[in-house]
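Chains, contacts and geometry: an overview
Residues per chain, in single letters:
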Amino acid sequence: MTAFTEDELARIRADFPVLSRTVRQDRPLVYLDSGATAQKPWVVLDAEREYYSTHNAAVHRGAHQLAEEATEAFEQARATVARFIGAAADEVVFTKNGTEAINLVAYAMSNAGAPGAIDGADPTAAARLLLAPGDEIVVTEMEHHANLVPWQELARRTGATLRWVGVTDDGYLQDPSSVVGERTKVLAFTQVSNVLGTLNDVAPLVAAARAVGALTLVDACQSVPHLPVDVRAFGPDGVDCGPDFLAFTGHKVIGPSGIGVLWGRPELLAAMPPFITGGSMIELVHMEHSTYAPPPQRFEAGVPMAAQAVGLAAAIDYLSELGMDRVHQHDTELTAYCLEQLAQRPWVRVIGPTNPADRVGAVAFTVDGIHPHDVGQVLDDQGIAVRTGHHCAWPLHRRLGIPASTRASFSVYTSRADIDAFVEALDTVPGVFGLSA
């Protein structure tokens, strides 16, 4: 039995208005670039419009009715996001995207070493934030630049050393035990690779970090849209094997652009100095010094992205109504079907695991003798939207010995018919360049 019946999937697709448009000489749009950004259903668009048209005001900044309504809508959105990932509302910080969420943690760790920055914080939690020369930050070779460059910069600012867990030829992480050691203070890794589609098992990686007292951060930008995520139940039997921090972005979760989420364990958030300062995040302000509000407000300086938060909550409600288990099954079925189709084309090399159970959301590949940008152009001419390039994962492509790849990525609205149209267009690529398929 499929995750969604044909009628259900037709109703889902009807909820996404952009899917009804045409492109390139009036061809039907086949959108296979959801890993870059997902399309938005009417409920998300309507939620933002309704907020602006009936409740718009400065959140947390007024005593009039509109301000009260705006604040309530914003905080209800925070509670919705928290429930979706198994968290408490005061553990959820809104940022402008997943990249900013990761940078928030990295900058807080470098700011923690400034005089007075962690005075009054819980000593145990505060000590975990401090880095010094000789300490090590560990990432993986499959990271998106958003979960690599911030840690490079943290290492530069603190004198720590950056190390990484390698990737096998078939797209899996190597054993981290040779990299994670007594000097490791941070282990940051993706739950799902945006290129390989590899689904990493979070629990053993967290366990390896915990064994040496290291903090963990999970980049969940490519996992939260596709499968159930519980920040405290990654392990068996509901055991809390979750990380210390988790970040994701709204626009990949069929939500708005301009909003992201950082979840953090409360004792760590409480010990962290702020990343951006100004209005809304303060407690008391004097000319000589200021004190800061408790989390999450401490990390939300300025007027927050209230409409985007409301839109994100609407997106999460939409996915929750579908059921994330069914969303994951749908994704697995699409991935299996796409891999099966590409396996019938010997001139196509799939990047990453060949077992669909080990993948989520995306299939990247190369075509013999043809640059991925050229592949993408031919597909685009036929109405097929895919991503080409290094997908903000340049080191991974170097590791695999390829300059770039072409990626088809999926969402709840993707159908088998989309994949059929994609492979039919792909079959024309060799001939366009005078090569035999």
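Okay, so let's go over this structure. (Residues numbered from 1 in each chain as written. Predicted model: local features only at pLDDT ≥ 70, side-chain atom pairs only at ≥ 80, totals over all residues. Heavy atoms only, no water.)

1. A word on the overall build of the protein chain
Scanning the protein chain from terminus to terminus reveals 14 helices and 17 strands. Compactness check: the protein chain gives a C-alpha radius of gyration of 22 Å against a globular reference of 22 Å for 437 residues, within 12% of the reference. Principal-axis analysis of the C-alpha atoms places the extent of the protein chain at approximately 70 × 55 × 40 Å. Counting over 437 residues, the protein chain shows a buried share of 56%. Where the 31 positive side-chain charges of the protein chain centre and where its 52 negative ones centre are 5 Å apart. (Helix = DSSP H or I, 4+ residues; strand = E, 2+ residues; numbered from the N terminus. Rg over C-alpha atoms; globule rule 2.2 N^0.38 Å. Buried < 20%, exposed > 50% of the residue type's maximum accessible area, 1.4 Å probe, protein only. Lys, Arg positive; Asp, Glu negative; His and termini not counted. Charge placed at Lys NZ, Arg CZ, Asp CG, Glu CD.)

2. Details of the sheet that holds strand β17 (residues 405-409)
Strands in a sheet are paired, the pairing made by backbone hydrogen bonds, and the direction either parallel or antiparallel. Strand order across the open sheet formed by 4 strands is β13-β14-β17-β16, with antiparallel pairing between neighbours. If you trace the sheet from one side to the other, it starts and ends with β13 (348-351) and β16 (387-389), each paired once. Within the sheet, the average angular offset between the axes of one strand and its neighbour, ignoring direction, is 30 degrees. As paired elements, strand β14 (residues 362-367) and β17 share 4 bridges and run antiparallel to each other. Looking at the pairing, A364 lines up with R407 of β17. In the packing of helix α10 (residues 324-343) onto the sheet, contacts are made with β13 and β14, and the angle to β14 comes to roughly 15 degrees. (Pairing = 2+ DSSP bridges. Axes fitted to C-alpha atoms, helices over the stretch in contact; angles between N-to-C directions. Contact = heavy atoms within 4.5 Å.)

3. A closer look at the pairing of β14
With respect to burial, β14 is a largely interior element, 6 of its 6 residues being buried. The pairing of β13 with β14 spans 4 bridges and is antiparallel. In the sheet register, I351 faces β14, and the bridge partner there is A364.

4. Examining the pattern of salt bridges
Evaluated as defined, the whole model comprises 18 salt bridges. In this structure, the salt-bridge partner of R78 is E75, at a minimum N-O distance of 2.8 Å. Taken together, the residues span about one helical turn, with R78 and E75 both in helix α3 (residues 65-84) at a distance of 3 residues. Exposure remark for R78: the relative accessible area of 1% places this residue in the buried category. Note that R156 is salt-bridged to E153, the shortest N-O span being 2.7 Å. Highlighted residues: R156 and E153, both in helix α6 (residues 149-158), separated by 3 residues, approximately one helical turn. Through salt bridges with shared partners, a single network forms among E91, R128, R210, R232, D240, D244 and R265. (Salt bridge = Lys/Arg side-chain N within 4 Å of Asp/Glu carboxyl O.)

5. Quick word on the pairing of strand β8 (residues 215-219)
For β8, the tally of buried residues reaches 5 of 5 residues, placing the bulk of the element in the interior. Burial of β8 is two-sided: the residues L215, L217 and D219 facing one way and the residues T216 and V218 facing the other way are all buried. As paired strands, strand β7 (residues 184-190) and β8 are joined by 5 bridges and run parallel to one another. Counterpart to L187 in the pairing with β8 is T216. Traced from β7 through helix α7 (residues 202-210) to β8, the parallel crossover comes out right-handed. Alignment of β8 against strand β9 (residues 245-249), held across 3 bridges, turns out to be parallel. The residue of β9 that forms the bridge with L217 is F245. (Right-handed = clockwise from strand over helix to strand, strands pointing away.)

6. Some details on unusual backbone geometry
In the segment running from P295 into P296, the intervening peptide bond is cis, with an omega of 0 degrees. When you line up the elements, P296 lands in the loop between β12 (290-292) and α9 (306-322). You will see that I254, though not glycine, has its phi angle at about 50 degrees, which is positive. Tracing the sequence through the fold places I254 in the loop between β9 and β10 (260-264). A relative accessible area of 2% means that I254 is categorised as buried.

7. Observations regarding the packing of α3 against α9
At their nearest, the axes of α3 and α9 sit 8 Å apart, and the two run at 40 degrees to each other. Every pair of crossing elements has a handedness; the one defined by α3 and α9 is left-handed. Along the contact surface, α3 presents A73, F74, A77, T80, V81 and F84, while α9 presents A306, A309, V310, L312, A313, I316, D317, L319 and S320. The residue inventory of the contact of α3 with α9, partitioned by class, reads 12 nonpolar, 2 polar and 1 charged. (Left-handed = near helix turned anticlockwise from the far one by under 90°. Nonpolar A, V, L, I, M, F, W, Y, C, P; charged D, E, K, R; others polar.)

8. Some words on the side chain of R298
One can find R298 in the loop between β12 and α9. The buried charged residue R298 lacks any salt bridge partner; its closest oppositely charged side chain belongs to E283, at an N-O distance of 7.5 Å. In this structure the side chain of R298 is engaged in a polar contact, spanning 3.4 Å, whose partner is the backbone oxygen of L269. Discounting residues that sit within four places of it in the chain, R298 has contacts with L269, A270, A271, M272, P274, I276, M281, Y292 and A293. (Polar contact = N/O pair within 3.5 Å; in protein donor to acceptor, adjacent residues only side chain to side chain.)

9. Some thoughts on the state of the cysteines
Counted according to the given criterion, the structure contains 0 disulfides. Distance from the sulfur of C392, which forms no disulfide, to the nearest cysteine sulfur (C221) is 11 Å. On the basis of relative accessibility, which here comes to 26%, the residue C392 falls in the partly exposed class. (Disulfide = S-S within 2.5 Å.)

10. As for the side chain of N194
Looking at the element boundaries, N194 is found in the loop between β7 and α7. Not counting chain neighbours up to four residues away, the residues in contact with N194 comprise H144, Q222, A362, H391, A393 and R407.

11. Considering helix α11 (residues 372-381)
If you check which residues of α11 are buried, you get P372, V375, G376, V378 and L379. Summarising the axial view, the buried residues of α11 lie within an arc of 160 degrees, below the 170-degree limit, and thus occupy one face. (Arc of directions from axis to C-beta.)

12. Considerations on the sheet that holds β10
Reading across from one edge, β4-β10-β9-β8-β7-β5-β6 is the order of the 7 strands in this open sheet, with mixed pairing throughout. Strands with a single pairing partner mark the edges of an open sheet, and in this sheet they are β4 (92-95) and β6 (161-165). The mean angle between the axes of side-by-side strands here comes to 20 degrees, regardless of whether they run parallel or antiparallel. Docked against the sheet, helix α4 (residues 98-111) engages β4, β7, β8, β9 and β10, running at close to 150 degrees with respect to β9.

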